[in-house]
Number of protein chains: 2
Amino acid sequence: MYGAAQAIAAGVLSGHVGLLVSMEETGYTGGKTHRLTTLLADWNVAKAKRIGASAVKLLLYYRPDLKDIASRQLDLVTKLADQCIEEDIPLLVEPLSYPIETEEHYFQEFAKLKPHLVIETARQVTALPLDVLKAEFPADLNYEKDEGKMAELCQQLNEVSRVPWILLSAGLDFELFSKEVEIACKAGASGFLAGRALWQEAAQIGSRTERMRFMETVSAQRLRQLAEVASAYGTPWFSKLGADKDEFTPITQEWYKSY
Amino acid sequence: MYGAAQAIAAGVLSGHVGLLVSMEETGYTGGKTHRLTTLLADWNVAKAKRIGASAVKLLLYYRPDLKDIASRQLDLVTKLADQCIEEDIPLLVEPLSYPIETEEHYFQEFAKLKPHLVIETARQVTALPLDVLKAEFPADLNYEKDEGKMAELCQQLNEVSRVPWILLSAGLDFELFSKEVEIACKAGASGFLAGRALWQEAAQIGSRTERMRFMETVSAQRLRQLAEVASAYGTPWFSKLGADKDEFTPITQEWYKSY
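So, how was this worked out
Residue positions within a chain follow its written sequence, with the count starting from 1. Key to labels: chains lettered from A, ligands numbered from 1, both in the order written. A pLDDT threshold of at least 70 governs which residues receive local features in this predicted model, and a stricter bar of 80 or more applies before side-chain atom pairs are shown or counted, although totals over entire chains, interfaces and linings include all residues. Neither water nor hydrogens contribute to the side-chain values; these are computed over all heavy atoms in the structure. Paired strands, as defined in this entry, are two strands with at least two bridges between them according to DSSP. Numbered from the N terminus, helices here are DSSP runs of H or I no shorter than four residues, and strands are runs of E no shorter than two. Only the stretch in contact is used when fitting a helix axis, every axis being a line fitted to C-alpha atoms; angles between N-to-C directions are given from 0 to 180 degrees. When an angle is under 35 degrees it counts as roughly parallel; over 145 it counts as roughly antiparallel; between 65 and 115 it counts as roughly perpendicular; any other value is oblique. By the definition used in this description, the sense in which the near helix is turned from the far one sets the handedness, with an anticlockwise turn below a right angle giving left-handed and a clockwise turn giving right-handed. Whether two residues are in contact is decided by their heavy atoms: any pair within 4.5 Å suffices. The copies were overlaid by least squares, fitting only the C-alpha atoms of residues that reach a pLDDT of 70 or more in each copy. For salt bridges, the criterion is a side-chain nitrogen of Lys or Arg within 4 Å of an Asp or Glu carboxyl oxygen. Classification used: nonpolar for Ala, Val, Leu, Ile, Met, Phe, Trp, Tyr, Cys and Pro, charged for Asp, Glu, Lys and Arg, polar for all others including Gly.

**A short note on the sheet that holds strand β5 (residues 165–168) of chain B**
Residue and element names in this part refer to chain B.
Piece 1. Spatially, the 6 strands line up as an open sheet ordered β1-β2-β3-β4-β5-β6, and their pairing is parallel. The open sheet has two edge strands with one neighbour each: β1 (20–22) and β6 (191–193). Along the sheet, successive strands turn relative to each other by an average axial angle of 30 degrees, direction set aside.
Piece 2. Note that strand β3 (residues 91–96) and strand β4 (residues 132–135) share 2 bridges and pair parallel.

In structure tokens:
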């Protein structure tokens, strides 16, 4: 959300790109092993709609196995989803799994748990009326090297997700992310939403000129490359919802009266 | 407004074009010589914002010399302008002058009155908090042939308009409209909004193939030509408002709290 109004006011947002704004406070309350998402104070879906946002995003820390916390997190999604329906703006939810034990040896255990966590989260979260799931890759590439297995896990995620889903980058190295996007799209994902995987190296470049050159060349090329992968293998959002592009419900002349 | 939801649902609206939707009932009440604009029932600015409109349009029959009717028309604009501020969506108002006597000989009189009517209308209507004036050309080209005089009238219109203004085509022959756009833009207009001047001949073509070909060739070329004229001579909207593109008010990090 930081920078949305500035980007609009400076006129740097090209008219053909959508604007996705976040609703949550950065971080979490409840402690590192029991994370609760908080909405930004003095900010809401109606305001996002008013500034001209194309869609709304909620980052949601989520552990399906922590029943009490998970239930409160789902309540938050429901509340936001109701507001999004009221304002007729799409809601994208980005659940993030996290380790709930802090011992060193646990991290390898967490990597093993990850497929189950990500898939179960997709099942629980997409039962709510949201529009797009921004999902983690359902495997940790530091531990899982079998592409056949990765594809199978993505297919499982695709089966349980009731809405179109896209892949988040989590700041992964670009080449690895690119591989993930291809596997996910072939398994039913509708695309990706990448940030750091595209530009993280630029943040380390001290010279503004060099930094901008990196963004304009390397980052732009990475984005084009991922877009080609998604276009080639991804599932259109309407297909995921069981619709045919040429068979949308016909709209009557008096649609606006009951809208 | 007719077709807005259909165009959205069919996916034929390119992402880089804006969607302007109208708020008024077609036609007028009050009689041919005392025209009152009525808003569409069961339709409003909030709904327009919800469907994703970029701006809202009001066609307003207007005779500044009919004080009582004019006052009621201005009340309607004020009401709509308040709703547009509430929803943070731009309001474009399109006042149309009209003859108030029906005798044959009066039409030449009306042509003589037109410059005064259009300019006085611009003065009265733009005193209200709207964003763009869609103005008639302040002369009837069937009677006024002096381009210097036309330029002078457009400058007068520009001086009294407190907001950016664009020219409407009123179904004028394309070549004449193109001339008007050039004169208006050189006098301070920010562009044009053309419908029939671009495609009216197509409506007479029976064959769908031929009709589409006309739109794709002649109409598209006309639009490109007008856009070039407006880009070359028009005044940017922010300049008309006295702002410099690089000097917009800075936006604070906590802008959303008071938005």
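**Quick word on the packing of helix α5 (residues 147–160) of chain B against helix α6 (residues 174–186) of chain B**
Residues and elements named next belong to chain B.
Piece 1. Contact pair α5 / α6: the axes reach a minimum separation of 8 Å and the direction vectors enclose 55 degrees. On the basis of the axis angle, α5 is oblique to α6. Our pair here, α5 against α6, has a crossing hand that is right-handed. Packed against α5, whose contacting residues are E147, M150, A151 and C154, the element α6 presents K179, I183 and A184 at the interface.

**Let's talk about the relation of the copies chain B and chain A**
Piece 1. Taken as rigid bodies, chain B and chain A are interconverted by a rotation of 180 degrees and an axial shift of 0.0 Å, the fit giving an RMSD of 0.0 Å. Expressed as an axis order, the relation between the two copies is that of a two-fold axis. Minimal C-alpha distance to the rotation axis in chain B is attained by H16(B), lying at 1.9 Å.
Piece 2. Comparing interface residues between copies, 100% of those in chain B also lie at the interface in chain A; the contact surface is shared.

**Structural notes on the interface of chain B and chain A**
Piece 1. Across the contact, 31 residues belong to chain B and 31 residues belong to chain A.
Piece 2. Joining chain B to chain A, the criterion identifies 0 salt bridges.
Piece 3. Elements with a contribution of two residues or more to the side of chain B that touches chain A: α1 (4–10), α2 (45–50), α3 (67–87) and α10 (255–258) of chain B.
Piece 4. With 5 residues, the top contributor of residues to the side of chain B that touches chain A is α1(B).
Piece 5. Split by residue class, the side of chain B that touches chain A holds 15 nonpolar, 7 polar and 9 charged.

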